[in-house]
Amino acid sequence: MLFRSAGLNTVLELEVGSDKYPAIIKEVQRDPVKRNVRHVDFRQISLTETITVHVPLHLKGTAKAVLAEGGLVDPVVNSIDVRATAANIPNEIVVDVTNMTMDSVVRLGDLPMPTGVTVVGDPEFVVVTVVTTKIEEVAPAAAPAEGRSEEHTSELQSRVDISYAVFCLKKK
């Protein structure tokens, strides 16, 4: 419950004997079947130093232009690394995809960062893209192959190509 309400990067105060230490969650191990928490690793931090943490990406909005053309918005990554002091660590980075079109991408450098937070990585790295689907009809065969039904043959004649509309070389 703590992970959902407060986020994985919430600063906790761990008590060991009479001493108290600021810490964040480093790793959570879960039971593979029941999914309940089996073990938690903590990372002691300094409240004044900058640290690097993983922050989840959350897509917000509906890209109506993409849906109208049969595309899908596809997050390339689920989280990114950021640098911040403990007081400035965000629980998530929200990416608004409302204005995305079929030929648009969201790069690491495009992400809005809260005050005091710096993104770690190549600013040109693509974090959200658009997946397009297109159906090609193959020329019909003269007759179904022996032992195959017409239904099976027509099924083989249609092919779905999924291509990513990532234009990494194309600059905005």
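Scroll up to find the structure.
Residues numbered from 1 in each chain as written. Predicted model: local features only at pLDDT ≥ 70, side-chain atom pairs only at ≥ 80, totals over all residues. Heavy atoms only, no water.

Caption draft 1: The overall build of the protein chain, seen in detail. Across its full length, the protein chain holds three helices and eleven strands. By residue count, 27% of the 172 residues in the protein chain fall in the buried class. Excluding contacts between residues fewer than 6 apart, the proportion of contacts in the protein chain whose partners are at least 24 apart in sequence is 62%. (Helix = DSSP H or I, 4+ residues; strand = E, 2+ residues; numbered from the N terminus. Buried < 20%, exposed > 50% of the residue type's maximum accessible area, 1.4 Å probe, protein only. Contact = heavy atoms within 4.5 Å.)

Caption draft 2: Structural detail: the sheet that holds strand β3 (residues 37-44). One open sheet accounts for three strands, arranged β1-β2-β3; its pairing is antiparallel. Here the strands that pair on one side only, and so sit at the sheet edges, are β1 (12-16) and β3. Neighbour to neighbour, the strand axes of the sheet diverge by 60° on average, direction disregarded. (Pairing = 2+ DSSP bridges. Axes fitted to C-alpha atoms, helices over the stretch in contact; angles between N-to-C directions.)

Caption draft 3: Here's a closer look at the pairing of strand β7 (residues 93-96). Only one face of β7 is covered, namely the one carrying I93 and V95; the face carrying V94 and D96 has none of its residues buried. Bridging between strand β4 (residues 51-60) and β7 involves four bridges; their strand directions are parallel. Among the inter-strand pairings, H58 is bridged to a residue of β7, identified as V94.

These values are about where atoms sit, not about what they do.
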